[in-house]
Every structure is written in structure tokens, then in C-alpha cells.
Amino acid sequence: MLRQLMLGLGLALATSTTFAAPAPQVLGKDYTFPNRIEGLPHKLSDFPGLQISRFTTSDGVELTYWEAGQGKPLVFIPGWSGNGAQYVNLLYLLSQNHHVYVLDPRNQGLSQRVEHGGRISRFAMDLKEFGAHLGLEKADYAGWSMGAAVLWSYIDLFGTGGINKVVFVDEPISIYAHQDWSERERLEAGGTTTSPERMVAGFTQGAPLNSLITDLLPMQRAALKDSPYFANSEAFANAFVKNDPQALGRVLFDHITNDWRDVIRHRIDVPAAIFSGEKSNNLPSQRWMHQTIAGSKLFVYTEAEQGDHFLMFKNPRKFAADLHAFLAEASPRPTNARREDVIDSYRLSGVQLRSSTYLGSPALELRMPSSAYQDPTKEELSDRDFMAWLPVDFRDGTIEVEVASDLAPDAPDYARGFIGLSFRIDGQGRFESVYLRPTNSTAEDPARRKRAVQYVAYPDHRFNRLRAEAPGKYETGADLSLGRWIHMKLIVAGSQARLYLDRKPEPALAIDDLKLGPAQHGGVGVWLESGTIAHFRNLQITPAHR
């Protein structure tokens, strides 16, 4: 079937099951690119190292792949409707340092058109079998658009044992926007449609599209004739690849409705790079992915740098240089725990956050304005939501941090050096919290000494309500003080939480009925209240395996 298809396109193929030949020979003729660009081939024959090959999958589908260069293997997975011809500039530039492969997915490019296997999971299996066909023990992998989703499925199914480093280029983590999502959840997931059927019809049958059905910006940016590189690669692809919309559509519904956030949160434990741009509506979801994958790197291209969905094709020189630098640098394999000391990673709720040095150690300093201090003559003192927090999706697991607090010069009399952890922060601003009152540890009042550690659930179960309803159940004493580092370790599982202080073997506080329930999930942050100058360092979040 593939042979008939390629002959129908005017291509000459070898008759053997596996072949490898120079691209002009396989395509049946040479090709002259419309724009002459210094340092890149003007004709296809100027790129003699470019070869086209094929292999057969376990379910009998012939897949074509493009390759060039020598060195460590680098495998590209195209996006929906994409193909290896579009990568001609990148193949040329990156082949100077890498053995580059681009796999045409089934029903795309020069690969066979079939009615079966129209699922991202099957595409991931094809990728797995492609690596076995090449004899790759390990390789670097880069997925653009839907190709990133194929990689997420690959990692979900097979893990990262065969991956050195991984690259994701501008792909929403869930194209389908669920109706019960908050706007923050939609942006972080990248949701752009609530009607997969209408989106599929628009992409494959020419049905009308609007911004309620899909993100129109990529189409608008693709239509711009603002990059000679992009014009060359698109013209080359259009000259030799004839897409079948019906065949392309077989994977599209499955692609749209997958939600890969669990893979992003729990499964990626190799060095990762993420590419996006200022002219892509996917940028918020790419920032969330960067914040969620420990040790990942985020590259955000400006509009002048062609920072849109097609950045790697419109600005291949910059992309190739950035990608090569990322792949070449030595970097440790990150663990499942994330360590955050970068201010830009945090969201701020009524506070200021800055880098500092405290007790000779790099740290982050957290303050609230004195104008926000509570006035006990006008209001009842209570817990509020002043904090710096990370927009992760934490439900169960372990949180560790070192905190220290001092009293501000204008601290009110009731200030206690309040500092602690907030967790499971959701889109409505609800959260659980365990915090410290260091000055209570040395207070003359014995009642205060028993209230050095506090659990609350904002906004409905603050300390005053919990103290009235269950005296002594949600607070306890501890050996604390101002002006020193205090190690906090919080283990959360379902409706239970255990707080350990200063690496002691027994918990300082045990809660068995977290008020927001076991299904609550969301961000993690450092919290403070009136009159505190807070410092923290080495915040680590380790989700539990589920």
C-alpha cells in the first residue's frame, strides 16, 4: 500500500522491505528551494547526507523516516499532519553534531495510510518499535505539537529508561477544556476546545471554526509569509507529501481528548526542555509544565524571534543552536522531588518575595506590608491567605522546607513570628495549612506554650473556630524560637497529615481529619501572618506514587 501511495506521488521506491537511499533518489527528482539562504542547501541535492528509509511495525504498517548526520541519536516526532520534509532545515543544521531522525507517523508524510491504530498510544508504540528497529539503547527525543503528546504517551507506557533528554515544543497538555475547570486550570492545561467533534470537523472536513472551537492563532501565524526558512520547508513538503484529511482525522479525536497532566507531574524524571513563544496561546501551559517538571528548562522566544507555534521551522538556526546547547550540557538526572528557589516560579498572595542571605545561607525572604496587619480593636484575629506558593498539583506526598522568622520592627503586640506551609491550594483559594508560632515556645503563659504549632483549613476552619470546637486537638507545643532555621517535613495521605520538626523521629502534630477532604489538591506554598519577616530555603515537593 505504501509503495502504491508513493508511486502515485511520483516516487521511486526500492522493492525490499527495508531501504535507505538519498532523498532525491527516493523522491524521484531533485528540488530547488524558492528562497536562497546562505548556509543552507539551495537544492535538495546540496544535502547528500539526507536519506529516506522505512520499517514495518508489529501491526503491519510501513512507516517512513528521514535521517542525516553522525553522532548521538536525536529523534523528532512531528505534530498532527506533520512530516519529515518540514524538518529539512533542522536536519541539515543539526546533522553537523547529531544523528538526526524524523519519523513520519502512520497516516502522515510518506508513511502508509491505514484505517487502524488511530490512537496516540499506538503512535507511542510505533515510536518504541522505531527505536528497536534502529537498535537504540538510548536517545534524545523531541516532540513538536502532537509529537509531544506521543512522547508523553511513550513515557506513560514505557518509562524513561531509553531516553537521555526530552524536548517538548509548544503542545497543550490537554486540548479539551473540561466544563468544571476553573480558568486557572484551563490555562495551565492549555485547554482550547469544549467540542472535540466540531474541532475534528473543522480540521478534516472544512467545517467552520471559531475561537470557541479551537485556538485560531496557529492558523493565523502559519499564514504569515514572514520567514524564508519556513517558506522553503513548507514548499518542499507540499511538493512531495499529499495529505489525506480522512486518514489524518483518525487520530485527532483521541489526541484532543487526552489529558497528560498526570504524566507531567509524576513520570518525567529525565532532563527536559520546553520551547514556546510570546505569540503562542500555549505559553501559560508551557510555564506550568516548566514549574512542574523538576529541573526543566523553558525557552520562550519573542515575536521578533518567531516565537509562535512554528518557531522551530521559522527560526531553525536559533532553535538548532538552543537545542544543541541543551543536549550537549552536562546535567544531573532530576529526582521526583522538586526543589524551588526561583522567585519567578512563585505566585504571590498579598506578599513580597525577594532573594536574600539569612544566617549566611542563600534564601528567599517573604514579607507582608504593615498596612495589611490585622487590628484587633476592629476585627477578630484570624488566619488569612498571605503566602508565596507554587502552582503545582499536589494531593498526597511529602513536603519539606527550612523556615526561619523574625519580628518586623513594627510588629504588633500579638505577633508570634507566624510562618508555615500551605498545601492543596485550589483554584478557589481554599487550602490546608500547618504553621508555627515560635515565640509561644518560650512564653510565660503555659496555655501559649501549648500553641506553638497550628493546623487550619482556609477559609472555613481557622484557628479560632477549631480551638473553640476541639480545644487542643489541632495545636500543640514545640521547641521553637525566632532567628534560627527550623526544618519542617509534612507527610500528607488522604485525610491525614503528619508534621515533623527538626528531623525528629516522632511527629510534632498529627491530623487525621483534614477538613477539605482527601480529594482536595493544588499548590504548595510558604505562609505568614502579621508582623513576620519570613525566610525559607530548600523547599522540596515529592508527590506520592499513585
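Residues numbered from 1 in each chain as written. Predicted model: local features only at pLDDT ≥ 70, side-chain atom pairs only at ≥ 80, totals over all residues. Heavy atoms only, no water.

### Quick notes on the overall build of the protein chain
For step 1, the next point in the chain: Looking only at helices and strands, the protein chain features 17 helices and 24 strands.
For step 2, the next point in the chain: If one aligns the C-alpha atoms of the protein chain with their principal axes, the spans along those axes are about 90 × 45 × 40 Å.
For step 3, the next point in the chain: The buried share of the protein chain, taken over its 546 residues, is 58%.
For step 4, the next point in the chain: Taking the intrachain contacts of the protein chain between residues at least 6 apart in sequence as the baseline, contacts between residues at least 24 apart amount to 70%.
For step 5, the next point in the chain: For the protein chain, the accessible surface area stands at approximately 21900 Å², while carbon and sulfur atoms represent 49% of it. (Helix = DSSP H or I, 4+ residues; strand = E, 2+ residues; numbered from the N terminus. Buried < 20%, exposed > 50% of the residue type's maximum accessible area, 1.4 Å probe, protein only. Contact = heavy atoms within 4.5 Å. Areas by Shrake-Rupley, 256 points an atom, 1.4 Å probe, with all protein chains shown as cover.)

### A closer look at the pairing of strand 15 (residues 397–407)
For step 1, the next point in the chain: With eight of eleven residues buried, strand 15 is to be regarded as a mostly interior element.
For step 2, the next point in the chain: One ladder, built from seven bridges, connects strand 15 with strand 20 (residues 486–493); its direction is antiparallel. Paired with Ile-399 across the bridge in strand 20 is Leu-490.
For step 3, the next point in the chain: One ladder, built from ten bridges, connects strand 15 with strand 24 (residues 532–543); its direction is antiparallel. The residue bridging Asp-406 from the neighbouring strand is Ile-533, located in strand 24. (Pairing = 2+ DSSP bridges.)

### Comments concerning helix 13 (residues 283–292)
For step 1, the next point in the chain: Within helix 13, seven of the ten residues are buried, which leaves it mostly tucked inside the rest of the structure.
For step 2, the next point in the chain: Of the residues making up helix 13, those classed as buried are Leu-283, Ser-285, Gln-286, Trp-288, Met-289, Gln-291 and Thr-292.

### Focus on empty space enclosed by the protein
For step 1, the next point in the chain: Under the criterion given, the structure shown has three cavities of 30 Å³ or more.
For step 2, the next point in the chain: Lining the largest cavity, in full, are Leu-63, Ile-77, Leu-103, Pro-105, Arg-106, Phe-123, Asp-126, Leu-127 and Val-150.
For step 3, the next point in the chain: If one sorts the elements of the lining of the largest cavity by residue count, helix 4 (residues 120–134) sits on top with three residues.
For step 4, the next point in the chain: In terms of residue class, the lining of the largest cavity is made up of seven nonpolar, no polar and two charged. (1 Å grid on protein atoms, 1.4 Å probe; cavity = no way out; pocket = protein on both sides within 12 Å on 5 of 7 lines; lining within 4 Å. Points joined across faces, edges and corners; volume = space filled by probe spheres on them. Nonpolar A, V, L, I, M, F, W, Y, C, P; charged D, E, K, R; others polar.)

### Observations concerning the confidence of the model for the protein chain
For step 1, the next point in the chain: With 94% of its residues at a pLDDT of at least 70, the protein chain reaches an overall mean of 92.
For step 2, the next point in the chain: For the stretch residues 332–341, pLDDT sits under 50, and the model shows 40 contacts to residues farther than four places along the chain or on other chains. (pLDDT = per-residue confidence, 0-100.)

### Considerations on the domain arrangement of the protein chain
For step 1, the next point in the chain: Segmentation of the protein chain into domains returns domain 1 (31–190 + 217–328) and domain 2 (336–543).
For step 2, the next point in the chain: A separation of 42 Å is found between the C-alpha centroids of domain 1 and domain 2.
For step 3, the next point in the chain: Taken together, the contact between domain 1 and domain 2 spans ten residues of the former and 16 residues of the latter.
For step 4, the next point in the chain: Both sides of the domain 1 and domain 2 interface together cover about 1000 Å² of buried area, and 41% of this is carbon and sulfur.
For step 5, the next point in the chain: Contact with domain 2 buries area across many residues of domain 1, yet Arg-184, Arg-265 and Gln-291 alone supply 56% of it, more than any other trio.
For step 6, the next point in the chain: Connecting domain 1 to domain 2 are two salt bridges.
For step 7, the next point in the chain: Of the charged contacts in the structure, one is a salt bridge between Glu-188 and Arg-347, with a shortest N-O distance of 3.2 Å.
For step 8, the next point in the chain: Scanning the region where domain 1 abuts domain 2 turns up three residue pairs in polar contact (both at pLDDT 80 or more).
For step 9, the next point in the chain: Of all elements in the fold, only helix 6 (183–189), helix 12 (261–266) and helix 13 reach the threshold of two or more residues within the side of domain 1 that touches domain 2. (Domains from an automatic or database assignment. Buried area = accessible area lost by both parts, 1.4 Å probe. Salt bridge = Lys/Arg side-chain N within 4 Å of Asp/Glu carboxyl O. Polar contact = N/O pair within 3.5 Å; in protein donor to acceptor, adjacent residues only side chain to side chain.)

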